[in-house]
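The lines below spell out each chain.
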Amino acid sequence: MEDYLRKNFAVEHKRPSEDAIRRWRCAVSVVKNPRRRFRMVSDLAKRAEADQKRKILQEKIRVALYVQKAALTFIDAGKRVQYKLSEDVTRAGFGIGADELAFIVGSHDMKSFEDHGGVEGLAKKVSVSLTDGVVPTDVSFRQNIYGYNQFAEKPARSFWMFVWEALHDLTLIILMVCAAVSIGVGIATEGWPAGMYDGLGIVLCIFLVVLVTAISDYKQSLQFKDLDKEKKNIVVQVTRDGCRQKISIYDLVVGDIVHLSIGDQVPADGVLISGYSLSIDESSLSGESEPVNVTQQRPFLLSGTKVQDGSAKMLVTTVGMRTEWGRLMVTLSEGGEDETPLQVKLNGVATVIGKIGLVFAVLTFLVLSIRFLVTKALHSEITNWSVSDALNLLNFFAIAVTIIVVAVPEGLPLAVTLSLAFAMKKLMSDKALVRHLSACETMGSATSICTDKTGTLTTNHMVINKIWICGRTIKIEGNKSEDVLRSSIAGGAFNILLQSIFQNTGAEVVKGKDGKNKVLGSPTETAILEFGLLLGGDFKIDRKESEILKVEPFNSVKKKMSVLVSLSNDGGHRAFCKGASEIILKSCGKIINVDGKAEPLSEEQKKCITDVINGFACEALRTLCLAFKDVKDTSNVDSNSIPEDNYTLIAVIGIKDPVRPGVREAVKTCLAAGITVRMVTGDNINTAKAIARECGILTDGGLAIEGPDFRDMSPQQMEETIPKLQVMARSLPLDKHKLVTYLRKEFKEVVAVTGDGTNDAPALHEADIGLAMGIAGTEVAKENADVIIMDDNFTTIQNVARWGRAVYINIQKFVQFQLTVNIVALMLNFISACISGSAPLTAVQLLWVNMIMDTLGALALATEPPHEGLMKRPPIGRDAAFITRIMWRNIIGQSIYQLIVLAILKFDGKRLLKLSGSDATAVLNTVIFNTFVFCQVFNEINSRDMEKINVFRGIFDSWLFIMVMISTVAFQSIIVEFLGTFANTVPLSWELWLASILLGAGSLIVAVILKCIPVDKSKEAATTKHHDGYEPLPSGPDMA
């Protein structure tokens, strides 16, 4: 079976090829309800149609952006579209309507923009201050006039749509027809109401199956809807009522002042207020890959585009469906998400079993019919036919159809969806947002995690701990620092230090909602700015001393931030830069001395400063250098870039970023689970090694190298180095991408990688599981990730791996349980039909059993929470057999036990149970049905653990499992005791109830015996060694 599944039902977990998707669809043959079975797989026709629509839209936008704006300059002002203000807009006190705003920005109409007075004129017309922003009380008012920043979505499907979908099951439709005929013929022959009971029983059972199926599917759809909304929710920084604050993209209104930085998505259409080096990637909107520079001469910003470089403030002019992005977003959701490898594999399992079931159903019908005809022929009644004979044949057909209902495990692929939906919901509450379904199950196979250091392994709450300035190292201790520094260094050096801090920063001091000042920016920027405030500096006063001319924001390639300012006192220009210590030190030719004067930097001083940097780094401090340069030639300074060399070194600072609590334990858990953890960071190698040792990542035999050394290695050197590699410092995003590619392609690892910056996008895209940081991560990183770690915590990553393993194991448990029921139900009815000419389980009873094993079984087993034992076994191999030998051992063993018990009851039950009288056969059939159901109930408990003997461990942690067990037993009691007329059962004595329960409970003892039978797993286990040189971890009953 595994070879058949690999050949026809194998797809890549990430970006599967269309050939593979079409191949498995063609291989699926026996499907009872295509609408339900394929609800959670991509619709290729719709997807192709949506792609076509998107291309047409992108072409229209491209024409609008690159052709129409050129054409507009030739259009006479008199021929332009004249927009009239509506009464609502005029009454609200606004001077411009939503459609006109949308047209100006959407078509890049500079003439109309200037006619309205530029950005200041537009701000006036939408009644907003460019410094204070929107007043919060006006938000709902503006939404009514200019619209909401939400995109049109397909209306959610109602509960009744799921009921209608469940009714499309072909076998259920056939059974309903059978039931209708049975009721009609029954009433005609047996009268009212006795003649309707058999048919009505089937109808009621179908109704129950449909209702339970619809409820389960509807709840799943609601979970996915909530998750989908969360995925699209972006946090935006705005200024409202003079205060900088974070709001949801859905709450954005026309007139909002939005702050943009590298990696952000432009949340609505708007115009530039102010900014530095702003470069926008419009490829998502127009398909053009070349970035666009946004300046005061070209101030238009379009929703859905990405900030590639620089920073800016923009005025929101158009929101929601009036933007081109809004119209494009409608096509993005068409076609659905790609199916996961497990969903496809289980469609394959369902197909194989369905074909077998179909053969058995046909054989059962033929055997029953032939026996019936032979019996009639022997009694010379072959020419005499009555209505009851027709009813018998109809009953045989109904039983055959019901065998197909039970035999085609339609619930298998849907159990994956149920399990994934449950895991995604739980992970959401555990601070992990799963963006792609397949990531959840792929994480269970992860063998390697490449993690960032800052914010993931550390707390990201940074404070400056030490500073080296004017040849002295000073420890920073609260408010005393200002006095210590002032007394230790010359006034000139102190002033240039404050200038460097306040002029060259990406952070801001803003007024919060509570009226207090707070620092907004990245943790590193915040720490430096807070240090400047601690030294007695004033952000606003210091900023006013000069005018910023050009800014080069920090990025992970240059590893520095630079700024060029015009000094107000003497009219000169000065460049400031800060960044990675070694890089800034290399660009310095001078240093500030104890007198606050600049002097040449000797090689001996450089060596001394390098020792200081290494000393700070060995104490696990992040090190940065601050430097400046006075620019004398200012003739064409605006067109030139900021100087790259001959800077004067001001200071070296050491920033403390403590390791997160629980990270060491989480790393230890990952290592015990066979997952190698590697740290990939842009920090100094000594800082990286110190933190890695503290986290338990760097071990005695491990290797720590720098990015430049790694990227210069030959393929052979890489093959030798990567297995021992545990820390990569001073790395570029390109190095991370190279490492991930090598691990996946050459070492066949399943790699999870973390990332937060725009430049991490290629590595996140390449990895098997891309993990973006929710707090520090940019929108570009999040868009390329499979999972967003909302709290940026490594412990959460370990939790995702645990849930990934739980999903896989839970599906295996469910498959083991369902295959056992399939085999027993098929064989019991077939053998009984061959030997006795009747089936012991009626159509109604089989429908009830189908519900136990399908929807209720999936609810019970596919939603079990993970236990600690899951992280004590090796990762699931990339090509591991899904139905393992252990599972086959349990399935075959339990099936044999159940068939023996039920066969003995069927053929010798009356004697063994001492049954006599006219109702002996009815009582025996009820006992067989009752025993069969209790065998499934206890086997469901057995399936909780496929290897360990103690199957009751943690049973009360899964309330859903307990609820399903109680509901099954309670309803079984009602069917037997009170619904006998419909279900062909009779009430049983307490002795027979006890016998049924004990015979069912016997499967617990059988399970213990089976688990003591050793199984050779050598062929199933991954034969390749782990990259660390060790064999895969031992697994078995002790390690489960």
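Asker: I keep staring at the overall build of the protein and nothing clicks. Help me out?
Answerer: On a plain count of helices and strands, the protein comes out with 38 helices and 26 strands. Counting every position in the protein, which comprises 1040 residues, the buried fraction comes to 56%. Within the protein, contacts between residues separated by at least 24 positions form 73% of all contacts whose residues are at least 6 apart in sequence. Approximately 43,700 Å² of the protein is accessible, and the part contributed by carbon and sulfur atoms is 58%.

Asker: In this structure, what is going on with unusual backbone geometry? I would like to understand it.
Answerer: In terms of backbone geometry, most residues other than glycine have negative phi values and most peptide bonds are trans. In this model, Asn460 sits at a positive phi of 70 degrees, which is unusual for a non-glycine residue. A relative accessible area of 14% places Asn460 in the buried class. Positive phi is not limited to glycine here, since Lys748 has a value of about 55 degrees. Tracing the chain through its elements places Lys748 in the loop between helix H29 (733–745) and strand S24 (751–755). For Lys748, a relative accessible area of 61% corresponds to the exposed category.

Asker: Hey, could you run me through the packing of aromatic side chains in this one?
Answerer: Aromatic rings in a pair are described by how distant their centres are and how their planes are angled relative to each other. Following the criterion strictly, the structure yields 11 aromatic pairs and no others. Centre to centre, the rings of Phe94 and Phe141 are 6.0 Å apart; their planes meet at 35 degrees, and the pair counts as tilted. Placement of the pair is Phe94 in the loop between helix H5 (87–92) and helix H6 (98–106) and Phe141 in helix H9 (residues 139–146), with a sequence separation of 47 residues. With centroids separated by 6.3 Å and ring planes inclined at 65 degrees, the aromatic side chains of Phe502 and Phe539 adopt a geometry described as edge-to-face. Within this pair, whereas Phe502 is found in helix H20 (residues 491–503), its partner Phe539 is found in helix H22 (residues 539–544), the two being separated by 37 residues in sequence. We classify Phe539 as buried; its relative accessible area is 9%.

Asker: Sorry if this is basic, but what is going on with the pattern of salt bridges here?
Answerer: Working definition: two side chains of opposite charge can pair if their charged atoms are close together. Tallied over the full model, the rule gives 29 salt bridges. For Asp99, the salt bridge identified is with Arg322, shortest N-O distance 3.1 Å. Remark: Arg322 occurs in the loop between strand S7 (306–318) and helix H14 (324–332) and Asp99 occurs in helix H6; sequence separation between them is 223 residues. For Asp99, a relative accessible area of 47% translates into the label partly exposed. Two residues, Lys813 and Glu864, come together in a salt bridge whose shortest N-O distance is 3.3 Å. Residue Lys813 is found in helix H32 (residues 794–836), and its partner Glu864 is found in the loop between helix H33 (843–861) and helix H34 (885–912); the two are separated by 51 residues along the sequence. Looking at Lys813, the relative accessible area reads 5%, which means it is buried.

Asker: What is the right way to read the packing of H34 against helix H38 (residues 990–1011) from this model?
Answerer: One can describe the packing of H34 onto H38 by two numbers: an axis separation of 10 Å at closest approach and a directional angle of 145 degrees. When you trace H34 past H38, the crossing you get is right-handed. Packed against H34, whose contacting residues are Arg889, Asn890, Gly893, Gln894, Tyr897, Val901 and Leu905, the element H38 presents Leu999, Gly1002, Ser1003, Val1006, Ala1007, Leu1010 and Lys1011 at the interface. Of the residues that constitute the contact of H34 with H38, the class distribution is 7 nonpolar, 5 polar and 2 charged.

Asker: In this structure, what is going on with the state of the cysteines? I would like to understand it.
Answerer: Linking two cysteines covalently via their sulfur atoms produces the bond known as a disulfide. Scanning all chains against the criterion turns up 0 disulfides. This cysteine, Cys577, is not joined by any disulfide, and Cys588 carries the nearest cysteine sulfur, 6.3 Å off.

Asker: Would you explain the environment of Ile642 in this entry?
Answerer: Considering the arrangement of structural elements, one finds Ile642 in the loop between strand S19 (621–631) and strand S20 (647–656). Each C-alpha atom of the pair Ile642 and Leu549 lies 9.8 Å from the other, and the pair is 93 residues apart in sequence. When neighbours within four sequence positions are excluded, Ile642 is seen to be in contact with Lys550, Val551, Glu552, Ser562, Val563, Leu564, Ala575 and Tyr647.

Asker: Help me understand the sheet that holds S24 in this model?
Answerer: Paired through backbone hydrogen bonds, the strands of a sheet run either parallel or antiparallel to each other. Spatial strand order, S8-S26-S25-S24-S9-S21-S23-S22: 8 strands in an open sheet with mixed pairing. Two strands close off the open sheet at either side, each with one partner strand: strand S8 (432–434) and strand S22 (703–706). Neighbour-to-neighbour, the strand axes of the sheet open up by a mean angle of 20 degrees, direction not taken into account. Sheet analysis places strand S21 (residues 676–680) next to strand S23 (residues 725–729), joined by 2 bridges and oriented parallel. Pairing of Val680 across the sheet is with Met728, part of S23.

Quick notes on the rules
Residues numbered from 1 in each chain as written. Predicted model: local features only at pLDDT ≥ 70, side-chain atom pairs only at ≥ 80, totals over all residues. Heavy atoms only, no water. Helix = DSSP H or I, 4+ residues; strand = E, 2+ residues; numbered from the N terminus. Buried < 20%, exposed > 50% of the residue type's maximum accessible area, 1.4 Å probe, protein only. Contact = heavy atoms within 4.5 Å. Areas by Shrake-Rupley, 256 points an atom, 1.4 Å probe, with all protein chains shown as cover. Phe/Tyr/Trp six-rings, centres within 6.5 Å; stacked < 30°, edge-to-face > 60°. Salt bridge = Lys/Arg side-chain N within 4 Å of Asp/Glu carboxyl O. Axes fitted to C-alpha atoms, helices over the stretch in contact; angles between N-to-C directions. Left-handed = near helix turned anticlockwise from the far one by under 90°. Nonpolar A, V, L, I, M, F, W, Y, C, P; charged D, E, K, R; others polar. Disulfide = S-S within 2.5 Å. Pairing = 2+ DSSP bridges.

The values are spatial; any link to function lies outside them.
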